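Geometric and topological summary
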Amino acid sequence: MWYESIVNQRFYSSFIAAAAIIGLASLLPRPAEAQTATTPAQKWTAPRTPDGQPDLQGIWTNATITPFERPASLAGKAVFTEHEAAEFEALAAKGRVDGPGKPGDVGSYNQAWSDGGTTVVSTRQTSLVVDPPDGRVPVKAWAEEKRAYDLAHNADSWEHMSVWDRCITRGVPGGMFPAGYNNAYQILQVPGYVVIFYEMIHETRTIPIDGRPHLPASIRQWNGDPRGHWEGDTLVVDTTNYNGKSWIATSAAGARIKGIPQSDGAHVVERFKRVDANTIDYRVTIEDPEVYSKTWQVSVPLTREQNYMIYEYACHEGNQAVENILKGGRAHDAPAGR
């Protein structure tokens, strides 16, 4: 299924800091934006914020039906032709139909709740993973075994559950990977900071770009310690200092990669470059020698959505998923006297 039970946790001090930054951003004047598309012969020039940063501000989405990893049926094919992309989209549309439930299946959300996209990404790449060239994540065997064990024991203990289900986070960079719905991000900029507000779980990520060093190695965080800088018109965000408790992907859209652990040695480098008025080229490189045999990279365009409305994501309220999953596990154990 594309759907997850979703929950939320906020840390008061981080919320206050982010809120202050967002408040400042709302007071800054916005530069004029080019609203018309350029021809190939024209060079598009990125707008600037009042303090001279390339302007990434706005609400952006990344919903897509492009697979996270390249399917075996597309082995050796990095990019769809236009015709192949249309066929792939048509086939996916046929699958977005509610059918009768299976015996014993309590069911889940129907298609009315889904907003996972209807098209492949604009680049027509056949997977979001673009490196290694085969579109497959080079996961070590022990990490796949750990993922499989947690999945099999999901109802035994909260320790085996997704950190998304447990109210904590979708992770970094996992929170930037497309899911079945709520695939929106609001980017704000003020002098010295870039702020990314995630629709899913309502996380706010505050990224210093003032040249300060990373936190001491003794300080570890769920989403690591981000530090940003500009390389030309590209925002580069370097994240270290993970606590080793998260997952690299928490959505079912990650398929095989959902549940792969993230070690405290993870090193993530993200690149955001606005390539036209309505597109940010987002690329992320993941290095985690304990978990992967080599580095790997994901590429997914962010599309500007001027009229998109981000509503409150109140994950805790009325959410009984974790409690009910554990109750189900205890009920399953009872007949066997476990």
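All figures in this text were calculated on a predicted structure; none of them were measured in a lab. All residue numbers refer to positions counted from 1 along the written sequence of the respective chain. Given that this is a predicted model, residues contribute local features only at a pLDDT of at least 70 and side-chain atom pairs are listed and counted only at 80 or more, while totals for whole chains, interfaces and linings are drawn from all residues. No hydrogens and no water enter the side-chain calculation; it runs on all heavy atoms of the structure.

1. Quick look at the overall build of the protein
By the criteria applied, helices consist of DSSP H or I runs no shorter than four residues and strands consist of E runs no shorter than two, each listed in order from the N terminus. Helix and strand content of the protein: 4 helices and 10 strands. Each helix and strand of the protein, ordered N terminal to C terminal, gives the series α-β-α-β-α-β-β-β-β-β-β-β-β-α. A buried classification covers 45% of the 338 residues belonging to the protein. The contact criterion used is simple: two residues touch if any of their non-hydrogen atoms lie within 4.5 Å. Partitioning the intrachain contacts of the protein with sequence separation of at least 6 by distance along the chain shows that 67% fall at a separation of at least 24. Each residue is assigned to one of three classes by its accessible area relative to the maximum for its type, calculated with a 1.4 Å probe on protein chains only: buried under 20%, partly exposed between the two thresholds, exposed over 50%.

2. Section: the nonpolar core
If you look at the biggest cluster of nonpolar residues, it comprises 39 residues, and the most contacted ones within it are Phe68, Phe272, Tyr292 and Trp296. Residue assignment for this core shows that the elements contributing at least two residues are strand 3 (184-190), strand 4 (193-198), strand 7 (234-240), strand 8 (267-276), strand 9 (279-287) and strand 10 (296-304). Phe68 has contacts with Ser127, Leu128, Val129, Val137, Phe177, Ala253, Gly254, Ile257, Trp296 and Val298, leaving out every residue within four places of it along the chain. Counting 7 residues, the second-largest nonpolar core is a separate cluster that includes Ala179, Tyr181, Met200 and Cys315. Working definition of a nonpolar core: buried Ala, Val, Leu, Ile, Met, Phe, Trp, Tyr and Cys residues. They are joined through side-chain atoms within 4.5 Å.

3. Details of the side chain of Asp238
Tracing the chain through its elements places Asp238 in strand 7. Engagement of the side chain of Asp238 in a polar contact is seen with the side chain of His267, the distance being 2.7 Å. Once you skip the residues sitting within four places of it in the chain, Asp238 turns out to touch His214, Asp225, Pro226, Arg227, His267, Val268 and Val269. Polar contacts, as counted here, are pairs of nitrogen or oxygen atoms within 3.5 Å of one another; within protein the pair requires one atom able to donate a hydrogen and one able to accept it, and residues that are adjacent in sequence qualify only if both atoms are side-chain atoms.

4. Observations concerning the confidence of the model for the protein
Per-residue confidence from the predictor is reported as pLDDT, which spans 0 to 100. Counting all residues, the mean pLDDT for the protein is 86, and 87% of those residues have values of 70 or more. Note on residues 1-37: pLDDT is under 50 here. Beyond four places in sequence and across chains, it has 78 contacts.

5. Side note on the environment of Gly135
For Gly135, the location among the structural elements is in the loop between strand 2 (129-131) and helix 3 (141-152). We classify Gly135 as buried; its relative accessible area is 0%. Gly135 sits 68 residues away from Pro67 along the chain, and the two C-alpha atoms are 9.7 Å apart. Apart from residues lying up to four places away in sequence, Gly135 is in contact with Glu69, Arg70, Ser127 and Val129.

6. What about the pairing of strand 8?
Every regular strand shows the same layout, with side chains that alternate between the two sheet faces. The rule for pairing is simple: two strands pair if DSSP sees at least two bridges between them. With 6 bridges connecting them, strand 7 and strand 8 associate as antiparallel partners. Paired with Val236 across the two strands is Arg271, which belongs to strand 8. One ladder, built from 9 bridges, connects strand 8 with strand 9; its direction is antiparallel. Paired with Glu270 across the bridge in strand 9 is Val284.

7. Section: unusual backbone geometry
The amide bond that connects Asp131 to the next residue, Pro132, takes the cis arrangement and shows omega of 5 degrees. In this fold, Pro132 is placed in the loop between strand 2 and helix 3. Note that the residue after Val172, namely Pro173, is joined by a cis bond; omega there is 15 degrees. With respect to the helices, strands and loops of the structure, Pro173 is situated in the loop between helix 3 and strand 3. Non-glycine residue Ala255 carries a positive phi angle of around 50 degrees. Mapped onto the secondary structure, Ala255 falls in the loop between strand 7 and strand 8.

8. Considerations on the packing of aromatic side chains
Aromatic ring pairs are defined here through the distance separating the ring centres and the angle between the ring planes. Any two rings among Phe, Tyr and Trp, with Trp reduced to its six-membered ring, count as a pair given centres within 6.5 Å; such a pair is stacked if its planes are under 30 degrees apart, edge-to-face if over 60, and tilted if neither. Counted by the stated rule, this structure contains 6 aromatic pairs. Between Tyr185 and Tyr198 the ring centres are 5.5 Å apart and the planes differ by 75 degrees, which places this aromatic pair in the edge-to-face class. With Tyr185 in strand 3 and Tyr198 in strand 4, the pair connects residues that are 13 residues apart, well separated along the chain. There is no split in this pair, since Tyr185 and Tyr198 are both buried. Taken together through their ring pairs, the aromatic side chains of Phe68, Phe177, Tyr292 and Trp296 make up a single cluster. Across the ring face of Trp164, the terminal group of Arg170 is positioned such that the distance to the ring centre comes to 5.1 Å. We count a charge as sitting over a ring when the NZ of a lysine or the CZ of an arginine lies within 6 Å of the ring centre and within 35 degrees of the ring normal.

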